[in-house]
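Okay, here's what each chain looks like letter by letter:
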Amino acid sequence: MSAEIIDGKAFAATIRGKVTEHVARLHSEHGLTPGLAVVLVGEDPASQVYVRNKGQQTEESGMASFEHRLPAETSEADLLALIARLNAAPAVHGILVQLPLPDHIDSAKVLDAIDPAKDVDGFHISNVGLLATGQKALVPCTPLGCLMLLRDRHGSLAGMDAVVVGRSNIVGKPMAQLLLRDSATVTIAHSRTGDLAGVCRRADILVAAVGRPEMIPGDWIKPGATVIDVGINRIPAPEKGEGKSRLVGDVHFDSAVQVAGAITPVPGGVGPMTIACLLANTLTAFCRAHGLAEPEGLTA
Ligand SMILES: NC(=O)C1=CN([C@@H]2O[C@H](COP(=O)(O)OP(=O)(O)OC[C@H]3O[C@@H](n4cnc5c(N)ncnc54)[C@H](OP(=O)(O)O)[C@@H]3O)[C@@H](O)[C@H]2O)C=CC1
Ligand SMILES: Nc1nc(=O)c2c([nH]1)NC[C@@H]1CN(c3ccc(C(=O)N[C@@H](CCC(=O)O)C(=O)O)cc3)C=[N+]21
């Protein structure tokens, strides 16, 4: 038996379509345009690609995109000054500071300087706290995208055994919070977990957010489970030619697809959902800022 392949790319296109429709209506009814500012410090080539994709898709949805590319040696004080300006800018409704930041900058300090109402990544400590206490928050884009895929497949997640491998602040922890809020029974595994294979085998829902290429093999997966592979790992692909590379997830796809009930591919799974949810969060932030009705089906 072979798993259903969850088409994140198509699902993301549907979400972007809903955002685009809503943005057009806001424009015609109120003459208003939501705006997203993306800040990139340094020249990491992978980050440049993401930032370019985000900018393109933001504009395609009818929103305004503001890109701030700063040199790697930018001081923390200068970055904080830029954030203060974006916090005060009426045309900016969402602010994303691309991570990781250079080592001389304190990421937590920078993220907490963003106005929580414009924090479309959901990384500000007050959004983290609101999510953890079950209140209305801006929710991190990658976990939100995963949740949308899971709800689409299962309807209710109540009582399901969910295992999240990875406990980062940007994926693992908020993912676990969202699953818990939907009444799944949640286990968070990490590098110190004993018998990781055994823990994974209990999961009806397995979310892998580790950053280790193809680490989870098919025989760690419960037959019929839904597998969400968040990992984005670039590995050498000499078979494609000298110096070429390809993207793989944290799950060993070829063996996992034999066992799982459904699985997200890499690329084309969670990645496109992340950007779609960023646009959705920007629209949500805009509507809350203006006291307008929130878009339906685009929040957690
Ligand atoms: N699709 C998308 O849109 C996005 C994809 N990503 C991708 O997701 C992956 C994870 O990202 P991120 O959360 O930022 O990564 P981090 O490096 O911040 O966190 C990785 C987590 O995996 C755990 N871990 C590491 N090694 C093992 C192991 N051998 N066994 C079990 N757990 C382990 C770590 O545990 P410990 O805490 O104990 O060290 C840590 O909690 C990466 O591949 C990243 O590129 C990230 C963001 C968005
Ligand atoms: N403040 C902040 N917020 C983030 O959300 C954030 C970040 N920093 N830093 C980096 C990670 C990574 N990330 C991805 C987004 C889209 C794809 C994506 O679209 N991936 C495509 C393929 C991309 C390709 O081909 O390279 C896919 O999986 O199909 C991947 C990864 C967001 N991140």
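Note that the structure is predicted; figures quoted are calculated from it, not measured. (Residues numbered from 1 in each chain as written. Chains lettered and ligands numbered in written order. Predicted model: local features only at pLDDT ≥ 70, side-chain atom pairs only at ≥ 80, totals over all residues. Heavy atoms only, no water.)

Caption draft 1: Broad picture of the UniProt feature "domain: Tetrahydrofolate dehydrogenase/cyclohydrolase NAD(P)-binding" (unreviewed entry) in the protein. Taken from the UniProt record, the annotation "domain: Tetrahydrofolate dehydrogenase/cyclohydrolase NAD(P)-binding" (unreviewed entry) applies to residues 140-288. The distance from the first to the last C-alpha atom of residues 140-288 is 17 Å, and the span holds 36% helix and 19% strand. (UniProt positions renumbered as here; feature names shortened; annotations may be inferred. Helix = DSSP H or I, 4+ residues; strand = E, 2+ residues; numbered from the N terminus.)

Caption draft 2: A look at the UniProt feature "binding site: NADP(+)" (unreviewed entry) in the protein. The UniProt record annotates "binding site: NADP(+)" (unreviewed entry) at G166, R167, S168 and I232. Inspection of the secondary structure assignment puts G166 in the loop between β5 (161-165) and α7 (172-181). When residues no more than four places from it in sequence are discounted, the contact partners of G166 are G172, I188, A189 and A209. As for its placement among the helices and strands, I232 is situated in the loop between β8 (226-229) and β9 (233-236). Ignoring any residue separated from it by four or fewer positions in sequence, one finds I232 in contact with Y50, L247 and V248. (Contact = heavy atoms within 4.5 Å.)

Caption draft 3: The site of ligand 2, seen in detail. Every one of the 16 residues lining ligand 2 counts as a neighbour, but V97, L99, D121, P267 and G268 are closest to it. Between ligand 2 and Q98 there is a distance of 3.1 Å, counted from a nitrogen atom to a side-chain nitrogen or oxygen. D121 is positioned with one of its side-chain polar atoms (N or O) 2.6 Å from a nitrogen atom of ligand 2. When isolated, ligand 2 has an accessible area of 680 Å², and the protein chains bury 80% of it. Those elements that provide at least two residues to the shell around ligand 2 are β4 (94-97) and α10 (270-289). At four residues, the largest contribution of residues to the shell around ligand 2 is made by α10. Its residues assigned to classes, the shell around ligand 2 comprises ten nonpolar, four polar and two charged. Counting contributing residues, the shell around ligand 2 receives three or more from each of domain 1 (31-116) and domain 2 (141-271). (Near = heavy atom within 4 Å. Polar contact = N/O pair within 3.5 Å; in protein donor to acceptor, adjacent residues only side chain to side chain. Areas by Shrake-Rupley, 256 points an atom, 1.4 Å probe, with all protein chains shown as cover. Nonpolar A, V, L, I, M, F, W, Y, C, P; charged D, E, K, R; others polar. Domains from an automatic or database assignment.)

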